[in-house]
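Structural overview
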Amino acid sequence: MELGKKAGLTQCNKPLRNIFGDALLEVARANERVVVLDGDLGNSTMAEYVRYEFPDRFFNLGIAESNLVGVGAGLAGAGLYPFITSFSSFLLCNAYDQIRLAVAMSEIDATVIGSHGGITLGKDGPTQMGIEDLALIGGLPTFTIIVPCDPASMHAAVKAAPSIKGPVFIRSSRVPMPYIYPLEDTPWEVGKANIVREGADLTIIGCGMMVAAGLDAAAMLAEEGIEARVVDLHTIRPMDKESIVAAAKETGAVVVAEEHLLHGGVGSNVARVVAESAPVPMRFVGLRDVYVESGAPADLVKKYNLTADDICTAAREAYAAKGA
Amino acid sequence: MKDSVLLEADQLLETARQLRLDILEMTTKAGSGHPSSSWSAVELVTALYFGGILRYRANEPWWPARDRFIMSKGHAAPLLYAALAKAGYFPREELWTLREVGSPVQGHPIQGMMPGVEATTGSLGQGLSLGLGHVLGGRLTGQKFSVFVLLGDGECEAGQIWEAAMAASHYKAGNLVAMLDYNKYQETGPISREIALEPLVDKWKSFGWNVQEVNGHEIKEVIAALTLAQQLEATAKPQIIIAHTIKGKGVSFVEADFTYHGRALNAEQAALAREEINGTR
Ligand SMILES: Cc1ncc(C[n+]2csc(CCOP(=O)(O)OP(=O)(O)O)c2C)c(N)n1
Ligand SMILES: [Mg+2]
């Protein structure tokens, strides 16, 4: 994958999951109420960084996600701040009811980390991919939902999580993502979408790796004379309606790109806001009712149409529809 | 038509060696996968497919009366594929497309995507329940077959395993045979350090199962245990064979280091491993 190349972004050689591990360790150092729960994947999610330094505040509950979530919620009840970590697929699919009752309905202060979100975990294949995680967590109304797109915003999100009231979900990824924000004084606030590129002709809204892909697409579109605004919608809930409506009104067309199923995904939620308050032509880039197979991430994003080229195609269509 | 394959003792050893080698080549070529988890259970699967136990027709993979084999520890997919290829379900060349885009040889098994792949697994903990379903279904449709399920030891931390264990003895599933690949390691460390499973024999017994323990790398022992398990069907208790194994068996530096979990060997490591498996080192 060549995320951010065309947009001239600085590459980061560390996968986002390692950035998550670094950030989690910093939070654990700063806040002794933080505890970390692992489902025997700490070496993949990188939650294990905390284990080395704070073995007493790290619990591996094994390959038993329902129990993992329940124990995490219990720790919250005892006054601690749990980060409950695993692959987003295993956590949300195996322990959905536990997350629903003990975390979401109980409105506890806790963070659920869904690592290896989307399809870019690659070769392990569809059983391990979290392509429906945002839809599932979206079905739990009290959750704040965050999808960081770069190292700085991952740090910011993990740092912010314990101060957010109620449950938080943060999606992490197996692949590296280029720098979009500065590491110092990162302009990042939960619930507040960021315009990462200005443009008047249409808006590309993305989260996670689709922000860098969106910036690449914008660079390509600029060569054709189309100036795209790019918005990092890092917080899926609460959704920054103001910023979405402004984008629709000011640019007249919206493309939403996500590494997720379109059904129940980010695009459908953005569309609800646009349709209610500022209907304009929209197009969607994401997975169309398929399970994605095993393969190298670069091959998969091509085959399943999640590249900057695909965003360009969608953008051209939306832009053309605007004039119609 | 004879529906099981029983190789001579030396041929069984040779088959195990070939499967080990295929697992190595597949995962190294793919650049990812779980060779150590696959090597751990080579003799268990060899005994099943080539030791005269499993009744199957490679040219009629979904023959309704076939015995079932469910690879519940789905990350050992390379072992399953290698065995199926060896048994003649599909050409061996297909193995080399493991994990490539467009290939049906998926990183984890997807039901029906390759002939002989009985269940979609990879999220651990699910296979024993599926096995019980096959047993109950066979009972209803009047077909006589046995159902074999390969479990990981880490996998036995999953609650669903024990839900299935309870239900299987409730339903007197005497023809349900679990094989537990007891290699003493899960992904992040030794089982005993992460989530202790012992006393494991007592646990399964208390759930109403017949329990045997074997050295999981002695094919003859495994065949004997599987044979006895099938004879014990008449007791109307489900069967488990707790197989003591070594994760990474056959490649010394992998045996010695659990952090090889989920890692393919690079070209250099693979060259060493090849020599060890071939006994030329
Ligand atoms: C529900 C679920 N949680 C986590 C994982 C990630 N995972 C894959 S293999 C593995 C360790 C399995 O250990 P074990 O069952 O002992 O198998 P071994 O590799 O030792 O044969 C883990 C945690 C998974 N596949 N499924
Ligand atoms: Mg094990």
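Residues numbered from 1 in each chain as written. Chains lettered and ligands numbered in written order. Predicted model: local features only at pLDDT ≥ 70, side-chain atom pairs only at ≥ 80, totals over all residues. Heavy atoms only, no water.

As for the site of ligand 1
Close to ligand 1 lie 23 residues; Glu65(A), Ser37(B), Lys73(B), Gly122(B) and Asp153(B) are nearest. Site remark: ligand 1 is flanked by residues from chains A and B. Take Asp153(B): an N or O atom from its side chain is 2.5 Å from an oxygen atom of ligand 1. Take Asn183(B): an N or O atom from its side chain is 3.0 Å from an oxygen atom of ligand 1. (Near = heavy atom within 4 Å. Polar contact = N/O pair within 3.5 Å; in protein donor to acceptor, adjacent residues only side chain to side chain.)

Comments concerning the sheet that holds strand S6 (residues 168–171) of chain A
All names here are of chain A. Across the sheet, seven strands lie side by side as S2-S1-S3-S4-S6-S5-S10; this open sheet has mixed pairing. Looking at strand neighbours, the two that pair on one side only are strand S2 (58–60) and strand S10 (235–237), the edges of this open sheet. Between one strand and the next, the sheet's axes are offset by a mean angle of 20 degrees, whatever the strand orientation. Summarising the sheet, strand S1 (residues 34–38) and S2 pair through three bridges and their orientation is parallel. Each residue of the ladder has a partner; that of Val36, found in S2, is Phe58. Contacting strand S3 (81–87), strand S5 (144–146) and S6, helix H8 (residues 151–160) crosses the sheet at an angle of about 160 degrees to S6. (Pairing = 2+ DSSP bridges. Helix = DSSP H or I, 4+ residues; strand = E, 2+ residues; numbered from the N terminus. Axes fitted to C-alpha atoms, helices over the stretch in contact; angles between N-to-C directions. Contact = heavy atoms within 4.5 Å.)

What about the sheet that holds strand S9 (residues 228–232) of chain A?
Residue and element names in this part refer to chain A. The strand order across the open sheet built from five strands is S7-S9-S8-S11-S12, with neighbouring strands paired in mixed fashion. Edge positions in the open sheet fall to strand S7 (194–197) and strand S12 (282–287), since each of these has one partner strand only. This sheet shows a mean twist of 25 degrees between the axes of neighbouring strands, independent of strand direction. Here strand S8 (residues 202–206) runs beside S9; their pairing, made up of five bridges, is parallel. Within S9, the position partnered with Thr203 by the bridge is Arg229. Strand contacts of helix H9 (residues 209–223): S7, S8, S9, strand S11 (254–261) and S12, with the helix running at about 175 degrees to S9, the strand carrying the most contacts.

A few points about the coordination of the magnesium ion (ligand 2)
Residue and element names in this part refer to chain B. Protein coordination at the magnesium ion (ligand 2): the donors are Asp153 (OD), Asn183 (OD1) and Tyr185 (O), at 2.0 to 2.1 Å from the metal. Here the donor residues of the magnesium ion (ligand 2) are spaced in sequence according to D-x29-N-x1-Y. Of this pair, Asp153 sits in the loop between strand S2 (147–152) and helix H6 (159–170) while Tyr185 sits in the loop between strand S3 (176–182) and helix H7 (191–194), placing them 32 residues apart in sequence. On the basis of relative accessible area, Tyr185 is assigned to the partly exposed category, the value being 30%. (Donors = N, O, S within 2.8 Å, 3.2 Å for Na, K, Ca; no water. Buried < 20%, exposed > 50% of the residue type's maximum accessible area, 1.4 Å probe, protein only.)

Describing the pairing of S8(A)
Residue and element names in this part refer to chain A. Along S8, five of the five residues are buried, which leaves the element largely enclosed by surrounding structure. Residue alternation in S8 divides its side chains into two sets, Leu202, Ile204 and Gly206 and Thr203 and Ile205, and both sets are buried. As paired elements, S8 and S11 share four bridges and run parallel to each other. Across the sheet, the residue bridging to Gly206 is Ala257, located in S11.

Quick look at the side chain of His234(A)
Residue and element names in this part refer to chain A. With respect to the helices, strands and loops of the structure, His234 is situated in the loop between S9 and S10. A polar contact of 3.3 Å, which involves the side chain of His234, links it to the side chain of Trp188. Ignoring any residue separated from it by four or fewer positions in sequence, one finds His234 in contact with Ile145, Ile146, Val147, Trp188, Glu189, Val190, Gly191, Lys192, Ala193 and Asn194.

A word on the domain arrangement of chain A
Residues and elements named next belong to chain A. Domains assigned within chain A are domain 1 (16–171) and domain 2 (194–322). On a C-alpha basis, the centroid separation for the pair domain 1 and domain 2 is 26 Å. Taken together, the contact between domain 1 and domain 2 spans 28 residues of the former and 28 residues of the latter. Summed over both partners, the interface of domain 1 with domain 2 buries about 2100 Å², with 63% contributed by carbon and sulfur atoms. (Domains from an automatic or database assignment. Buried area = accessible area lost by both parts, 1.4 Å probe.)

Thoughts on the nonpolar core
Residues and elements named next belong to chain A. Ranked by size, the top nonpolar core spans 75 residues in total, and within it Phe83, Ile119, Val158, Ile170, Ile204, Val255 and Ile311 carry the most contacts. Counting residues per element, this core draws most heavily on H9, which supplies ten residues. When residues of this core are sorted by domain, at least three fall in each of domain 1 (16–171) and domain 2 (194–322). In this view, Val158 contacts Phe20, Ala23, Leu24, Val27, Phe83 and Ile170; residues no more than four positions away in its chain are not counted. (Core = buried A, V, L, I, M, F, W, Y, C linked by side-chain atoms within 4.5 Å.)

A look at the environment of Trp62(B)
Residues and elements named next belong to chain B. Relative to the helices and strands, Trp62 is located in the loop between helix H3 (42–50) and strand S1 (68–71). Residue class for Trp62 comes out partly exposed when judged on its relative accessible area of 39%. A C-alpha to C-alpha distance of 7.3 Å links Trp62 and Gly116, two positions 54 residues apart in sequence. Those residues in contact with Trp62 that lie beyond four places of it in its chain are Gly112, Met114, Pro115, Gly116, Val117 and Glu118.

Looking at H3(B)
Residues and elements named next belong to chain B. Within H3, nine of the nine residues are buried, which leaves it mostly tucked inside the rest of the structure. Along H3, the residues that are buried comprise Val42, Glu43, Leu44, Val45, Thr46, Ala47, Leu48, Tyr49 and Phe50. Residue Gly52 follows H3 closely and has a positive phi angle near 80 degrees.

Considering the packing of aromatic side chains
Applying the stated criterion across every chain, the model contains eleven aromatic pairs over all chains. Between the aromatic rings of Phe87(A) and Phe90(A), the centroid separation amounts to 5.4 Å while the plane-to-plane angle is 5 degrees, which identifies the pairing as stacked. Taking the centre distance of 4.6 Å and the plane angle of 40 degrees together, the rings of Trp162(B) and Trp204(B) count as tilted. Placement of the pair is Trp162(B) in helix H6 and Trp204(B) in helix H8 (residues 200–206), with a sequence separation of 42 residues. Taken as a pair, Trp162(B) and Trp204(B) share a single burial class, namely buried. Members of the aromatic cluster, each reached through a chain of ring pairs, are Tyr49(B), Phe50(B), Tyr56(B), Phe69(B) and Tyr89(B). Positioned over the ring face of Phe145(B) is Arg68(B), at 3.9 Å from the centre of the ring. Sitting over the ring of Tyr182(B), Lys184(B) keeps its end group 4.1 Å from the ring centre. (Phe/Tyr/Trp six-rings, centres within 6.5 Å; stacked < 30°, edge-to-face > 60°. Lys NZ or Arg CZ within 6 Å of the ring centre and 35° of its normal.)

Focus on the pattern of salt bridges
As enumerated under the stated definition, the model contains 26 salt bridges over all chains in all. The salt bridge involving Arg29(A) is made with Glu53(A); its shortest N-O contact spans 2.8 Å. In this pair, Arg29(A) sits in helix H1 (residues 16–30) while Glu53(A) sits in helix H3 (residues 48–53), placing the two residues 24 residues apart along the sequence. A residue is classified by how much of its surface remains accessible, and Glu53(A), at 37% relative accessible area, is partly exposed. Taking the shortest distance from any N to any O, the salt bridge between Asp97(A) and Arg100(A) comes out at 2.9 Å. A residue pair is termed a helical-turn pair when its members lie 3 or 4 positions apart in one helix, as Asp97(A) and Arg100(A) do in helix H6 (residues 96–105) at three residues. Assessed through its relative accessible area of 42%, Asp97(A) is described here as partly exposed. You can call Arg100(A) partly exposed: its relative accessible area is 35%. One salt-bridge network, in which partners are shared between bridges, spans Arg51(A), Arg193(B) and Glu194(B). (Salt bridge = Lys/Arg side-chain N within 4 Å of Asp/Glu carboxyl O.)

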